[in-house]
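The lines below spell out each chain.
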Amino acid sequence: MDRHAELEERTRYEAAEVESRVFAAWRDNNVFTADPSAPGEPYCIALPPPNVTGSLHMGHALNGAVQDLLIRWRRMQGRNVLWQTGTDHAGIATQMVVERELAKEGKTRHDLGREAFVERVWKWKQSTGSTIIEQYKRLGASMDYSRERFTMDDQYALAVQDVFVELHRRGYIYRDNYLVNWSVPLATAISDLEVEHKDVDDVLYEVAYAVEGGGEIIIATVRPVTILADVAIAVHPNDPRYASLVGKQAIVPIVGRRVPIITDERVEIDFGTGALKITPGHDPLDFEIGKDHGLETLSAIGLDGKLGELVPEWAGLSADEGHLRAVERLQEEGALRQEIPYRHSVGFCQRSGARIEPLVSLQWFCRMDELAKPAIDVVKSREVRFHPERMEKIYLDWMEQIRPWCVSRQLWWGHRLPVWFAPDGSFVVQVEQPEGEGWEQSTDVLDTWFSSALWPYATLGWPEATPELAKWYPGNVLVTGRDIINLWVARMIMTGIAFADGLPFTDVYINSTIQAADGRRMSKSLGTGVDPLDLIDQYGADATRYGLIKMCSTQDVRFAEGMIDEGRGLANKLWNASRLVLLNSDPDAAPAPNGLESADRWILDRLAATIESVTTDYEDFQFSAATKTLYSFIWNEFCDWYLEAIKARLYGDDAGSKRAASETALFVIERTLGLLHPICPFVTEELWSFLPNRTGLLALSDFPTTAGIPRDAEAARTVGAIIEAVTGLRRLRQDAELSPRAPLVATISGDATALRAEAALLAALGTVELVDAAATGPAVPLPAGSATLHIQGDGLAGKLRGRLAKRRDEALAEVKKTEGKLANAKFVDRAPPEIVAEERDRAARFARDAAELEAQLAALDAG
RNA sequence: GGGCGGUUAGCUCAGCUGGUUAGAGCACCUGCUUUACACGCAGGGGGUCGCCGGUUCGAAUCCGGCACCGCCCACCA
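Every chain is numbered independently, its residues counted from 1 as its sequence is written. To label them, take the chains in the order written and letter them from A, then take the ligands in the order written and number them from 1. With pLDDT at 70 or above as the cut-off, local features in this predicted model cover only qualifying residues; side-chain atom pairs require 80 or more to be listed or tallied, and sums for whole chains, interfaces and linings still use all residues. The side-chain numbers reported here are obtained from all heavy atoms of the structure, hydrogens and water having been left aside.

Participant: I would appreciate a short explanation of the sheet that holds strand β20 (residues 440-441) in the present structure.
Facilitator: We treat two strands as partners when DSSP finds at least two bridges between them. Here a strand is any run of E in DSSP of at least two residues, a helix any run of H or I of at least four, and the numbering for each starts at the N terminus. Strand order in the open sheet formed by three strands is β19-β18-β20, and the pairing between neighbours is antiparallel. For this open sheet the edge positions go to β19 (427-429) and β20, each flanked by a neighbour on one side alone. Summarising the sheet, strand β18 (residues 419-421) and β20 pair through two bridges and their orientation is antiparallel. From the neighbouring strand, tryptophan 420 faces β20, where its bridge partner is glutamine 441.

Participant: How should the nonpolar core be read in this particular structure?
Facilitator: When a protein is soluble and globular, its nonpolar side chains tend to lie buried together. Residues belong to a common nonpolar core when they are buried Ala, Val, Leu, Ile, Met, Phe, Trp, Tyr or Cys residues joined through side-chain atoms within 4.5 Å. Residue burial is assigned from relative accessible area. The probe radius is 1.4 Å, only protein chains are included, and a residue is buried under 20% of its type maximum, exposed over 50%, and partly exposed in between. Formed by 134 residues in total, the largest nonpolar core has its most connected members in Leu70, Tyr136, Tyr618 and Phe638. Any two residues whose heavy atoms approach within 4.5 Å are treated as being in contact. The residues touching tyrosine 136, leaving out its near neighbours within four places in the chain, are Leu47, Pro50, Leu56, His60, Gly64, Ala141, Met143 and Tyr145.

Participant: How do you make sense of the packing of helix α27 (residues 796-823) against helix α29 (residues 833-862) when you look at a structure like this?
Facilitator: When two helices pack together, their arrangement is given by the angle between the helix axes and the distance between those axes. Two numbers describe how α27 lies on α29: the axes approach to 8 Å, and their chain directions differ by 155 degrees. When the interaxial angle is binned, α27 and α29 end up roughly antiparallel. In this structure, the crossing between α27 and α29 has a hand that is left-handed. In the contact of α27 with α29, the residues fall into 15 nonpolar, three polar and twelve charged. What counts as an axis is a line fitted to C-alpha atoms, over the stretch in contact for a helix, and the angles between N-to-C directions run from 0 to 180 degrees. Between 65 and 115 degrees an angle is taken as roughly perpendicular, under 35 as roughly parallel, over 145 as roughly antiparallel, and anywhere else as oblique. Handedness of each helix crossing follows the sense of rotation of the near helix against the far helix: counterclockwise by less than a right angle gives left-handed, clockwise gives right-handed. Polar here means any residue other than Ala, Val, Leu, Ile, Met, Phe, Trp, Tyr, Cys and Pro, which are nonpolar, and Asp, Glu, Lys and Arg, which are charged; Gly is therefore polar.

Participant: I'm lost on the packing of aromatic side chains in this one. Help?
Facilitator: The relation between two aromatic rings is expressed through the spacing of the ring centres and the mutual angle of the planes. Centres within 6.5 Å make a pair out of two Phe, Tyr or Trp rings, where for Trp the six-membered ring is used; the pair is then stacked when the planes are under 30 degrees apart, edge-to-face when over 60, and tilted otherwise. Taken as a whole, this structure holds 33 aromatic pairs when the rule is applied. With 6.1 Å between their ring centres and 55 degrees between their planes, phenylalanine 164 and phenylalanine 450 make a pair best called tilted. Of the two residues, phenylalanine 164 sits in helix α8 (residues 154-169) while phenylalanine 450 sits in helix α13 (residues 448-452), which places them 286 residues apart along the sequence. Residue phenylalanine 164 is classed as buried on the basis of its relative accessible area, which comes to 0%. Look at phenylalanine 450 and you get buried, because its relative accessible area is 3%. A positively charged side chain is recorded as over a ring if its NZ (Lys) or CZ (Arg) lies within 6 Å of the ring centre. The angle to the ring normal must also be within 35 degrees. One cation-aromatic arrangement involves arginine 491 over tryptophan 405; the distance from NZ or CZ to the ring centre is 3.7 Å.

Participant: What's the story with the sheet that holds strand β5 (residues 173-183) in this structure? I'm lost.
Facilitator: For sheets, the rule is that strands pair by backbone hydrogen bonds, running either parallel or antiparallel. The four strands are arranged β6-β5-β14-β16 in an open sheet whose pairing can be described as antiparallel. A single partner strand is all that each edge strand has here, and the edge strands are β6 (188-190) and β16 (405-406). With two bridges joining them, strand β14 (residues 357-366) and β16 adopt antiparallel strand pairing. What sits directly across from phenylalanine 365, in β16, is cysteine 406.

Participant: Please clarify how the pattern of salt bridges should be interpreted in this entry.
Facilitator: Side chains that differ in sign of charge can pair as their charged atoms come close. Each salt bridge in this description consists of a side-chain nitrogen of Lys or Arg and a carboxyl oxygen of Asp or Glu lying within 4 Å of one another. On inspection of all chains with the given rule, the structure shows 64 salt bridges. Across the pair aspartate 230 and lysine 277 runs a salt bridge whose closest N-O atoms are separated by 2.8 Å. Of this pair, aspartate 230 sits in the loop between β8 (216-221) and β9 (232-235) while lysine 277 is found in strand β12 (residues 275-278), placing the two residues 47 residues apart along the sequence. The class for aspartate 230 is buried, based on a relative accessible area of 0%. By relative accessible area, which is 4% here, lysine 277 ends up buried. For glutamate 839, the salt bridge is made with lysine 821, and the minimal N-O distance between the two is 3.6 Å. One end of the pair, glutamate 839, is in helix α29; the other, lysine 821, is in helix α27, and 18 residues separate them in sequence. Since its relative accessible area comes to 9%, glutamate 839 is described here as buried. Through salt bridges with shared partners, one network takes in Arg3, Glu6, Arg10, Glu17, Arg21 and Glu686.

Participant: Help me out: how do you make sense of the packing of helix α18 (residues 541-551) against helix α23 (residues 681-688) in this one?
Facilitator: One way to put it is that α18 packs onto α23 with a least axis distance of 7 Å and a crossing angle of 130 degrees. On the basis of their axis angle, the class for α18 and α23 is oblique. Seen from α18, the contacting residues are Ala541, Asp542 and Arg545; seen from α23, they are Pro681, Phe682 and Val683. The residue inventory of the contact of α18 with α23, partitioned by class, reads four nonpolar, no polar and two charged.

Participant: Could you clarify how one ought to interpret helix α2 (residues 15-28) in this entry?
Facilitator: Side chains that are three or four residues apart share a direction in an α-helix, a result of its 3.6 residues per turn. Expected span, for any helix, means 1.5 Å times one less than how many residues it has. The end-to-end C-alpha distance of α2 is 20 Å, a good match for the 20 Å that 14 residues give at a rise of 1.5 Å each. Turning to α2, its buried residues number three or more, namely Ala15, Val18, Glu19, Val22, Phe23, Ala24 and Trp26. In this structure, the buried side of α2 is in contact with α3 (58-76), α7 (131-139), α17 (532-539), α18 and α23. One or two positions beyond α2, positive phi appears at asparagine 30, with a value near 50 degrees.

Participant: Could you clarify how one ought to interpret the pairing of strand β23 (residues 507-511) in this entry?
Facilitator: Side-chain direction in a regular strand flips from residue to residue, so the side chains alternate between the two faces of the sheet. When you tally the buried positions in β23, you get five out of five residues, the bulk of the element. Across the two faces of β23 the burial is the same, with Asp507, Tyr509 and Asn511 and Val508 and Ile510 all buried. Where strand β15 (residues 385-387) lies against β23, three bridges are found, and the strand directions are parallel. Bridge assignment links histidine 387 to a residue of β23, and that residue is tyrosine 509. When strand β22 (residues 477-481) meets β23, the two strands line up parallel, connected through five bridges. From the neighbouring strand, leucine 478 faces β23, where its bridge partner is valine 508. By the criterion used throughout, a crossover qualifies as right-handed when its path from the first strand across the helix to the second strand runs clockwise, the strands pointing away from the viewer. Since β22 and β23 lie parallel, the crossover through helix α16 (residues 485-500) that links them has a hand, and here it is right-handed.

Participant: Help me understand unusual backbone geometry in this model?
Facilitator: Leaving glycine out, the prevailing phi sign among residues is negative, and the prevailing peptide bond configuration is trans. Here the residue pair histidine 387 and proline 388 is connected by a cis peptide bond, since its omega of 0 degrees sits within 30 degrees of zero. Within the secondary structure layout, proline 388 lies in the loop between β15 and α12 (392-399). Cis geometry marks the peptide bond from tyrosine 473 to proline 474, where omega comes out at 0 degrees. As for its placement among the helices and strands, proline 474 is situated in the loop between α15 (467-472) and β22. The backbone phi angle of asparagine 693 is positive, close to 60 degrees, even though this residue is not glycine. Along the chain, asparagine 693 turns up in the loop between α23 and α24 (713-735). For asparagine 693, a relative accessible area of 65% translates into the label exposed.

Participant: For this particular structure, what's the right way to read the confidence of the model for chain A?
Facilitator: The predicted structure's coordinates, where accompanied by low pLDDT, should not be read in detail. With 99% of its residues at a pLDDT of at least 70, chain A reaches an overall mean of 90. Two summary scores accompany this predicted model of the complex, namely pTM at 0.93 and ipTM at 0.95. By definition, pLDDT measures how confident the predictor is in each residue, and it falls between 0 and 100.

Participant: I would appreciate a short explanation of the protein's contact with RNA strand B in the present structure.
Facilitator: In these notes, residues near a molecule or strand are those with any non-hydrogen atom within 4 Å of it. The environment of RNA strand B is formed by 61 residues, the closest being Ser553, Asn576, Tyr651, Arg830 and Arg842. A share of 65% is what sugar and phosphate atoms reach among the atoms of RNA strand B within 4 Å of the protein. Polar contact is the term for a pair of N or O atoms within 3.5 Å; when the atoms are in protein, one must be able to donate a hydrogen and the other to accept it, and sequence-neighboring residues count only if both atoms are side-chain atoms. Measuring from a sugar or linking oxygen of RNA strand B, one finds a side-chain N or O atom of glutamate 566 at 3.2 Å. A distance of 2.6 Å separates a sugar or linking oxygen of RNA strand B from a polar side-chain atom of asparagine 576. Counting residues per element, the surface near RNA strand B draws most heavily on helix α19 (residues 561-583), which supplies nine residues. Split into classes, the residues belonging to the surface near RNA strand B amount to 21 nonpolar, 15 polar and 25 charged.

Participant: What am I meant to see in the side chain of serine 512 here?
Facilitator: Secondary-structure assignment places serine 512 in the loop between β23 and β24 (514-515). Its relative accessible area of 6% is what places serine 512 among the buried residues. Within polar-contact distance, the side chain of serine 512 engages the backbone oxygen of serine 553 at 3.3 Å. Each residue touching serine 512, except ones within four places of it in the same chain, is listed here: Leu62, Cys552, Ser553, Gln555 and Asp556.

Participant: Help me understand the state of the cysteines, please; the structure alone is not making it clear to me.
Facilitator: For the purposes of this analysis, a disulfide is any pair of cysteine sulfur atoms at a distance within 2.5 Å. Scanning the model with the defined rule gives zero disulfides in all. We note that cysteine 366 lacks a disulfide partner, and the nearest cysteine sulfur, in cysteine 406, lies 11 Å from it. For cysteine 680, which is in no disulfide, the shortest distance to another cysteine sulfur is to cysteine 639 and amounts to 14 Å.

Participant: How should I be thinking about the side chain of serine 598 in this particular structure?
Facilitator: Along the chain, serine 598 falls in helix α20 (residues 598-619). A polar contact is formed between the side chain of serine 598 and the side chain of glutamate 758, at a distance of 2.5 Å.

The structure is reproduced here in structure tokens:
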């Protein structure tokens, strides 16, 4: 079947059929494959690597749609683009997935042992780890699939170890016994950023400690079980209530330990009783105070989450059970004075959901202050820009008070620390195993975010000086979510500056968070998730991309399926508009800005304005605005007005006029396909293949510019007047209950030059014939008060009486409002003269319209 | 506890540095088998722009306060 006949048959855009075929064409033509030796200014975006455990959710789809928009647009602009793709090993998440799998077989990872377990995880990764990357293809993502990387690739792992060793050499990384966030179920430390704070209803227990030499001191705690590990009581130095007790010894209930009463300015006088029990083993503030006062650190609860030997008969109890026992014992001892309901914020493990147990353990830390300094500067100086700008506050607030980062994890899946222990317990930090016998590598692995921090350059081969690194580093844009600004974005900037000698990107676009339609978080477990692949099946990838981009501006949004549907409508509209033009053009007609008639010049003028607007929107990261501009240009200006205006010419016998219409329409379509391609790549690529004189793929064609497109303000005004006239006529027909296509005869009063010159266009769109006769019929006021159409026809006016009166009243209301303004001396004095002139003009215009309508009504009354 | 964002038509959202009759899509009503599209065409109804003050000739837009909603940060036990 030839293409013309094929197009004739395909009366609607069938996304599913087109998408696989078009995607294959892109792949077969290596559209996505980046070549560092190719010409063109480099442009690089690194995909935020999804977890290997992930499957494409709405956030990924939006994130991918935005990146693909940028990548396709820049590619069309002739840049040498690389969209780097790959996945993250996601230490905790992946280990949990495989452990769950093992649990189904009735096993734990300990049954396998570390080596076998890690092997099992690798196997799992090989079989399902690229699922999500495959899903990105459905979306049309033009990432370079041939360069897919994984954060545990050999080369990548080497980069990670190099960075660790170098950070240690520079003195940033150190090992310390410190109070960390401990996740009991995961049996590992986690970083501050992996802790989620939630409000919890607890009880504040006030507990009396006897003081040696008489008296007592009452403290407040929400965790009585930690009393077992108390080593002091602290009060504020200026607190008169306790001045006489300072320096004495208090007796810790339950365990009977003698502890000093000390002073410290960090104690809040106003909170609780003003006396604070010091438990360095279980509280961050206490840990600090204990360190400064040289106090011992005791632990009531161990790394297994169970009670230790401080109370031998309680050893092995869970922390919760310990809590109950402690309360019970305090009551027995008469030490429990009050139980106060207390709502406060408590930390939870982001991954396991368990309440964080602050515990002391030997961990590896990275001092961040010196790394942060230059990274703060580049944001303050706008070398790195956030979009929207306010997001940089999240970054700066955190960076300016940054604390050491606990980078070690007690997991099995991840990058083992390049730390080697000798049998005597001493260690060296280096990549290779040291010479000699008995060296054991650290069993700890690194925080997943440690390796992610190197993503923009480790994926390009760093530390080797690869052509890729030379070409695409520093990179350009990062597109990601707000939740990982500090977790990831900040760390990429810091390590990029410190190691890769440059910024990983200059612009950070923070995409919206999409909530479920009811405003809740979109999540699988809540059942509020919407699967983007289902949307692609139902509406098509273009529609899904369009809808996501449209619904997301600079704030979080509720998912609105209607916007996806709008995208489907637009794709179909464009499809059929193109069919109309392609099926009704001469075989040798080719796209050209043939501005023969006003309508042609008008649509070219509108096209140029649209190109400017969309290009600016893309440049300014205003993607939602671009969808709106494109929609109204395609649907309203091109289809509703231009195509309707030229239909008669396309079907008619005037060869010159027909040719101009075809060429202009083809030209507009050609450029519009280019403009829309970054948002809707499939339908535009498919239509491109039907255009005459096309060369190659749209994805590799030039992005439209306004060069060679004539602007024509005169045509814009003329066609604007025609549109107003036609709209007025349609309204009048409806008001008079005439058939939509009932032919009308009309005369014009006022300045009718433009309308007379375009009588054919007016006739074609408005089914109206202009005649020279006295102006008598119902009035259709035209813009700017320049002219009025009068419709001839017996009995017409009578039917219109109500509507005419209504429109007259509307006009009068405007006159009144505007004249009121003008009567205000202050307004006339103080408002800018051009505003005042505008108002005067307005008043005159509406007064004229009202008068015309009034005259009609008067004539009716007279007749 | 600190900070940020939101509150505009029944629903989901646009409205930039204050100035035409506050817009769009969907939904709703009316009329159209017009040879690109019924995933269509035309017309219409619907909003005192969360509340209270202030600045200004003029406020959806700027400022202050309040009320809800959402998010981020945070070592007051």
